[in-house]
Amino acid sequence: MSIAANIEKIKQELSQNVKLIAVSKTKPVETLMEAYNIGQKIFGENKVQELVDKYQQMPKDIEWHMIGHLQSNKVKYIIPFVHLIHSVDSENLLLEINKQAAKVNKVQKVLLQIGIASEDTKFGLEKEIANSLIIKYLNKEFENIEIIGLMGMATFTNDLKQIENEFENLKNIFDEIKTNYLNNQSSFNQISMGMSSDYKIAIAKGSTMVRVGSSIFGGR
Ligand SMILES: *Cc1c(COP(=O)(O)O)cnc(C)c1O
């Protein structure tokens, strides 16, 4: 199927309030433009250099999302233009994002990445650490950051029940933070979960953003 047909099919499976992040890593700009030309304006990348290159080459009305592990020393390259950073997995990173955002007079939107998978190969905060960062955030330690939700990646497994449990866990952590700390603040409202292989499960468990690559652009 064509990229257009793939996007059309996925969009039909998403409800109105779920955003489709087209994960375009490793794909050339011409391929991204095929998606752009049929109205896809949200793209996700996982490497800083590639994100910067594509930002420079593509139309300026695109929302760029950083979804991959981010090193503190590279934060400064993306802050001027990145819409949302999904992958905040340490306090150091949060501090650096805050610092660089302040320099360009921006309030940077981020998600806290929570480690929900059973493999320890994936990055992510433990729930207790996430809670402690939220408390610091409420104490205004990161004034140039807006935390708008959580992100998580399920274990790479065929066990659908396990994936479902992991997504449910992320939704529960989200609900707890929202009620315990954020007083149901409406700007904390995003759960980024679900990829090509598991986005349908993620939507059923309350995802508001799915990050889909290979089901749109083909294998890598
Ligand atoms: C690559 C990637 C995706 C998309 O994966 P697909 O299986 O191609 O849909 C989603 N999230 C992150 C963090 C990724 O690195």
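Note that residues are indexed from 1 along each chain, following the sequence as it is written. Where local features are concerned, this predicted model is filtered to residues with pLDDT of at least 70; where side-chain atom pairs are given and counted, the filter is 80 or more; whole-chain, interface and lining totals use all residues. The side-chain figures draw on all heavy atoms in the structure; neither hydrogens nor water molecules are used.

1. Some remarks on the overall build of the chain
Put simply, DSSP H or I for four residues or longer makes a helix, DSSP E for two residues or longer makes a strand, and each gets a number counted from the N terminus. For the chain, the count of helices and strands is nine helices and eight strands. Its C-alpha atoms give the chain a radius of gyration of 17 Å, within 12% of the compact-globule value 17 Å for 220 residues. Once the C-alpha set of the chain is aligned to its principal axes, its extents read approximately 50 × 45 × 30 Å. Remark: exposure states derive from per-residue accessible area (1.4 Å probe, protein chains only) relative to the maximum for the residue type, with buried under 20%, exposed over 50%, and partly exposed in between. Across the 220 residues that make up the chain, the buried fraction comes to 50%. Note that the radius of gyration is over C-alpha atoms, with the globule rule given as 2.2 Å times the number of residues to the power 0.38.

2. A short note on the environment of L111
Tracing the backbone through its elements, the reader meets L111 in strand β5 (residues 108–114). Residue classification places L111 among the buried positions, given a relative accessible area of 0%. The contact criterion used throughout is that any non-hydrogen atoms of two residues lie within 4.5 Å. Leaving out residues up to four positions away in the same chain, L111 has contacts with L84, I85, H86, S87, V88, I148, G149, L150, M151, Q190 and S192.

3. Some thoughts on the site of the ligand
Around the ligand lies a shell formed by V23, K25, I67, M153, M195, S196, R211, V212, G213, S214 and R220. Between N or O atoms, a polar contact is any pair within 3.5 Å; within protein, one atom must be a potential hydrogen donor and the other a potential acceptor, and residues adjacent in sequence are included only when both atoms are from side chains. Interatomic distance of 2.9 Å between a side-chain N/O atom of R211 and a nitrogen atom of the ligand. Note on areas: these come from Shrake-Rupley sampling with a 1.4 Å probe, and a residue is covered only by the protein chains present in the view. Relative to its free-state accessible area of 390 Å², the ligand is covered by the protein chains to the extent of 90%. For this scheme, ten residues count as nonpolar: Ala, Val, Leu, Ile, Met, Phe, Trp, Tyr, Cys and Pro. Four count as charged, namely Asp, Glu, Lys and Arg, and the remainder, Gly too, count as polar. Residues belonging to the shell around the ligand are distributed by class as follows: five nonpolar, three polar and three charged. Residues are counted as near a molecule or strand when any one of their heavy atoms sits within 4 Å of it.

4. Examining the nonpolar core
Only buried residues count toward a nonpolar core. Its members are Ala, Val, Leu, Ile, Met, Phe, Trp, Tyr and Cys residues joined through side-chain atoms within 4.5 Å. Ranked by size, the top nonpolar core spans 63 residues in total, and within it F43, I78, I85, I97, L112, L150 and I216 carry the most contacts. Counting residues per element, this core draws most heavily on helix α7 (residues 160–180), at six residues. Discounting chain neighbours no more than four positions away, the residues touching L150 are L111, L112, I114, L170, I173, F174, I177, F188, Q190, I191 and S192. Ranked by size, the runner-up nonpolar core spans seven residues in total, among them I42, L84, M151 and M209.

5. Quick word on unusual backbone geometry
We note that N105 has phi near 60°; this positive angle belongs to a residue other than glycine. With respect to the helices, strands and loops of the structure, N105 is situated in the loop between α5 (91–103) and β5. We classify N105 as exposed; its relative accessible area is 74%. Positioned with a positive phi, K140 is a non-glycine residue whose angle comes to about 65°.

6. Here's the deal with the pattern of salt bridges
Counted as salt bridges are all cases of a side-chain nitrogen of Lys or Arg within 4 Å of a carboxyl oxygen of Asp or Glu. Applying the stated rule across the entire model yields 14 salt bridges. Where K200 meets E13, a salt bridge forms, and the shortest distance between an N and an O atom there is 3.7 Å. Placement of K200 in helix α8 (residues 199–204) and of E13 in helix α1 (residues 3–13) is noted, with a sequence separation of 187 residues between them. Put simply, K54 and E45 hold a salt bridge, and the shortest N to O gap is 2.8 Å. Judged by relative accessible area, E45 falls into the buried class, the value being 0%.

7. Remarks on the pairing of strand β2 (residues 42–45)
Side-chain alternation along β2 places I42 and G44 on one buried face and F43 and E45 on a second face that is also buried. Note on pairing: DSSP must find at least two bridges between two strands before they are called paired. Where strand β1 (residues 19–23) meets β2, two bridges bridge the pair, whose relative direction is parallel. Bridging across to β2, V23 finds its partner in G44. Relative to strand β3 (residues 63–66), β2 is paired through four bridges, and the arrangement is parallel. Bridge assignment links I42 to a residue of β3, and that residue is E63. A clockwise course of the path from the first strand over the helix to the second, judged with the strands pointing away from the viewer, identifies a crossover as right-handed. Of the crossover connections in this fold, the one passing from β2 over helix α3 (residues 48–57) to the parallel β3 is right-handed.

8. Some thoughts on the pairing of strand β6 (residues 145–152)
Counted residue by residue, β6 has seven buried out of eight residues, so it is predominantly covered. Pairing of β6 with strand β7 (residues 190–192) involves three bridges; the strand directions are parallel. Each residue of the ladder has a partner; that of M151, found in β7, is S192. This β-α-β element, β6 to α7 to β7, shows right-handed connectivity.

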